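Structural overview for review
For reference, the chains in residue letters:
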Amino acid sequence: MTDEATHILVVEDSSTQAEQLKWILEDAGYRVSVALTGEQAIAAMEQQKPTIVVSDIVMPGMDGYELCRHIKENDNLKDLPVILLTVLSDLKDVVRGLESGADNLLVKPCEAPLLLSCIRRIVETRDIGRRGGVAEILVVEDSPTQAEQLRYMLAGHGYKVTVAADGKEALDAIRKHRPAVVLSDIVMPEMDGLALCEAIKADPQLQSIPVILVTQLFEPEDVRRGIEIGADDYITKPYNEKHVVSQLERLLARVAHPGGALNSRGLEVILEGEAIFVRPEPSQILQFLLSTYENAASQYRALQKAESELRLHRDQLEELVAERTGELKAANEILQQEMIQRKQVEKEIRKLNEELEQRVLERTAELATANKELEAFSYSVSHDLRAPLRSMSGFSQVLLEDHADKFDATGKDYLQRVQAAGQHMGELIDDLLELSRVTRREMKRETVDLSQLARAITAGLQKTGPERQVEFTIQEGVVAEGDAHLLRIVLQNLLGNAWKFTGKNSGARIEFVAAANADCGMRNADLGEDDVVYLVRDDGVGFDMAYADKLFGAFQRLHSTQEFPGTGIGLATVQRIVHRHGGRVWAEGKVGEGAAFYFTLS
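Counting restarts for each chain: residues are numbered from 1 in the order of the written sequence. Local features in this predicted model are restricted to residues whose pLDDT is 70 or higher, and side-chain atom pairs enter the listing and the counts only when it is 80 or higher, whereas totals over whole chains, interfaces and linings include all residues. Side-chain measures here rest on the full set of heavy atoms in the structure, leaving out hydrogens and waters.

1. A short note on the overall build of the protein
Working definition: helices are DSSP H or I runs of at least four residues, strands are E runs of at least two. Numbering for both runs from the N terminus. Counting secondary structure elements, the protein contains 15 helices and 19 strands. Classification of residues uses two cut-offs on accessible area relative to the type maximum, computed with a 1.4 Å probe and protein chains only: under 20% is buried, over 50% is exposed, and between them is partly exposed. Buried residues in the protein amount to 39% of all 602 residues. Contact definition: two residues touch when any of their heavy atoms are within 4.5 Å. Put simply, 67% of the contacts in the protein that link residues at least 6 apart link residues at least 24 apart. In the structure as shown, the protein presents an accessible area of about 34600 Å², 53% of it carried by carbon and sulfur atoms. Per-residue and other accessible areas follow the Shrake-Rupley method at a 1.4 Å probe size, with only the shown protein chains counted as cover for residues.

2. A short note on the packing of aromatic side chains
Two rings belonging to Phe, Tyr or Trp (six-membered ring only in the last case) form a pair when the distance between their centres is within 6.5 Å. Interplanar angles under 30 degrees mark stacking, angles over 60 mark edge-to-face geometry, and anything in between is tilted. Counted by the stated rule, this structure contains four aromatic pairs. Seen in terms of ring centroids, Trp586 and Tyr598 are 5.5 Å apart; in terms of plane orientation they differ by 10°. Their pairing is stacked. Of this pair, Trp586 sits in strand S18 (residues 585-590) while Tyr598 sits in strand S19 (residues 594-599); the two residues are 12 residues apart in sequence, bridging distant segments of the chain. Since its relative accessible area comes to 10%, Trp586 is described here as buried. The ring of Trp499 carries Arg468 above its face, with NZ or CZ at 4.1 Å from the centroid. Think of it as a cone above the ring: NZ of Lys or CZ of Arg counts as a charge over the ring if it is within 6 Å of the ring centre and within 35 degrees of the ring normal.

3. Brief notes about the packing of helix H7 (residues 167-176) against helix H8 (residues 193-202)
Where H7 contacts H8, the axes come no closer than 9 Å and their chain directions differ by 25°. Overall, the two elements H7 and H8 adopt an arrangement that is roughly parallel. The element H7 and its partner H8 pack so that their crossing is right-handed. Residues Gly167, Ala170, Leu171 and Ile174 of H7 pack against Leu196, Ala199 and Ile200 of H8. What counts as an axis is a line fitted to C-alpha atoms, over the stretch in contact for a helix, and the angles between N-to-C directions run from 0 to 180 degrees. An angle below 35 degrees is read as roughly parallel, one above 145 as roughly antiparallel, one from 65 to 115 as roughly perpendicular, and any other as oblique. Definitions for this section: a left-handed crossing has its near helix turned counterclockwise from the far helix by less than a right angle. A right-handed crossing has that turn clockwise.

4. Topic: helix H3 (residues 64-73)
Within the sequence span of H3, burial applies to Gly64, Tyr65, Leu67, Cys68 and Ile71. One side of H3 carries all its buried residues, which in axial view fall inside an arc of 165°. Counted as a polar contact is a pair of N or O atoms within 3.5 Å, where, for protein atoms, one must be capable of donating a hydrogen and the other of accepting one, and residues adjacent in sequence contribute only when both atoms are in side chains. The residue sitting at the N-terminus of H3 and contributing the capping side-chain oxygen is Asp63; that oxygen lies 3.2 Å from the backbone nitrogen of Tyr65. Arc definition: it is the arc formed by the directions from the helix axis to the C-beta atoms.

5. Digging into the pairing of strand S10 (residues 233-236)
Both faces of S10 are covered, namely the face carrying Asp233 and Ile235 and the face carrying Tyr234 and Thr236. Strand pairing is assigned whenever DSSP identifies at least 2 bridges connecting the two strands. Where strand S9 (residues 211-215) and S10 come together, four bridges link them in parallel fashion. Within S10, the residue paired with Ile212 across the bridge is Asp233.

6. Things to note about the pattern of salt bridges
We define a salt bridge as a contact between a side-chain nitrogen of Lys or Arg and a carboxyl oxygen of Asp or Glu at a distance within 4 Å. Per the stated rule, a full pass over the model turns up 15 salt bridges. Lys201 is paired through a salt bridge with Asp232; the nearest N and O atoms lie 2.9 Å apart. Placement of the pair is Lys201 in helix H8 and Asp232 in the loop between helix H9 (220-229) and S10, with a sequence separation of 31 residues. Asp232 matches Lys201 in its accessibility class, with the two residues each being buried.

7. Quick look at the sheet that holds strand S16 (residues 508-516)
Strand order in the open sheet formed by five strands is S14-S16-S17-S19-S18, with mixed pairing between adjacent strands. At either margin of the open sheet sits one strand with a lone partner, and together these are strand S14 (470-474) and S18. Strand-to-strand twist of the sheet, defined as the mean angle between neighbouring strand axes without regard to direction, takes the value 15°. Sheet topology places strand S17 (residues 532-538) next to S19; five bridges connect them, and they run antiparallel. The residue of S19 that forms the bridge with Asp538 is Ala595.

8. Some points on a nonpolar patch on the surface
Among the surface-exposed residues, Leu317, Leu320 and Val321 lie close enough to one another that they form a single nonpolar patch of about 280 Å² accessible area. Within the fold, Leu317 resides in helix H11 (residues 282-402). Without a salt bridge and with relative accessible area above 30%, a residue can belong to a patch; like charges are then joined within 9 Å and nonpolar side chains (Val, Leu, Ile, Met, Phe, Trp, Tyr) within 5 Å.

9. So, the sheet that holds strand S6 (residues 136-140)
The strand order across the open sheet built from five strands is S7-S6-S8-S9-S10, with neighbouring strands paired in parallel fashion. Of all the strands in the sheet, the pair left with one neighbour each is strand S7 (160-164) and S10. For this sheet the average axis-to-axis angle between neighbouring strands, irrespective of direction, equals 20°. Two strands pair when backbone bridges link them, and strand S8 (residues 181-185) and S9 are joined in this way by four bridges, in the parallel orientation. When the sheet's bridge partners are listed, Asp185 is paired in S9 with Val214. Across the sheet, helix H6 (residues 144-155) is in contact with S6, S7 and S8; its angle to S7 comes to roughly 170°. Sheet strands touched by H8: S6, S8 and S9. Its angle to S9, the strand with the most contacts, is close to 170°.

10. Overview of unusual backbone geometry
One non-glycine residue with positive phi stands out, namely Glu190, at about 60°. If you trace the backbone, Glu190 turns up in the loop between S8 and H8.

11. Some thoughts on H6
Take the number of residues in a helix, subtract one, and multiply by 1.5 Å to get its expected span. Taking 1.5 Å of rise per residue, 12 residues should cover 16 Å, and H6 covers 16 Å from first to last C-alpha, within 8% of that figure. Among the residues making up H6, those that are buried are Ala147, Leu150, Met153 and Leu154. Projection of H6 onto a plane perpendicular to its axis shows the buried side chains occupying an angular sector of 130°, all on one side. When the buried face of H6 is taken as reference, the exposed residues oriented beyond 90 degrees from it are Pro144, Thr145 and Tyr152.

So, in structure tokens, the structure goes:
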């Protein structure tokens, strides 16, 4: 049954086809008027606004696209539905129709049932709006940003919107309060959109609620599953506001005026060679096909744009190649000229190299002399510094021994501090001289038994503290190529530190081993898996890895001299010796659980 107040304006330059359309629509009970051109249609709409405009696309003067754009840009007419008629010879017709704002496109010659069905949906949607009912939409989306985008979009068109973060939350909400439509994303944690739709359609009390699925629609499986479980429609991301609202309106109109049911056997659908049985309404299947078509049209537009850009890039590339070819020709000419000059330049370079070699020899001799002078200066400074230190230490010792009765406890403490400072200064001088010597000392490479060196060093350490119970583990047969004297200094510093920083342990453990980089504990990413790494590990006080970059700097200490005596130069000496051997050194530790020092030698 139709509404006789519904006025349809037919715009068609062919009198025969205009009369045919008028007969079809009037036979269905609609009031019809005809305009032969777009200009006549505009004039007629200014006199009396119709309910719907049905317009041909190809017309003299103003065509159907221009007419549709004029309507949609006019504040008084923009809500007027427009149906365009086209022979659909090219997908561009559909694209241009969508761009102009058309509400639907039908193929000519137009079948009467399809035209009337399209008009009926538009009228039913209008009637829903006239009744003033506010449809409530439940948006199911785990992304807060996209959920808010949909909520804002739909609220702007008069819908009441509620949001659920996943399928389980949505199902609970639906059972408490029934919405008009459920609009759900497919990919969600917990219960996804497909499972939610299936649960709704399996519940006799909820199965009549329309469900629209939101998907990227890259896989046919999304369509197959959506149809199979009874989804009513789907939309694709990113959201097109006009498309989303249009689909909601059509769906609500279909719910308000259902078109009948299928027989009990359902409908067999072949998708990708697989037969499935579904029970949706025919209009639902049609809507799925239309949505797929709209998505394909969008992809086709993107493909055309990409093809146009590709042609542009190709033209630009050809221009660039031509330009570059000219540049290469010019460069070749310059190169030929340069080759003529190259022999002369090579002669000049050989002369400069000879002069440079001579200057290097002279500079090497100067550096050797400077090193000798620096060493003499270091010893002279050491001697000059030690003289006042000896005086400070000696006189403070005399005061403590011969005049102790004249000082109170504070005075004695001050004198003892002067002595300790003088002793520490002497140790600093010794360590600085040692650090200077390891840098200048000429290296003598040979095969060194590191295991034997380690045993000799630990034996000496045990003699300095025979009362301590320390378990030493020294791997047998560890050898290396290097300077024996310098490598002894490395092990003395590393084993000495392990001895010192395990001093508070009643049963300390210290070990020296060699292992492949892959098996050594703290693997070095700059080394190969099979490169040999030497390791000194203890279970002493350890250190905080946040300060590991300070360990190998001169005078850098992580513990006070009162707690653990020392000058803070030993590890700097270790690093310089290892670097002179072409190796690397690094450390790891944990407060209260010990430390490990690794080094390699080339």
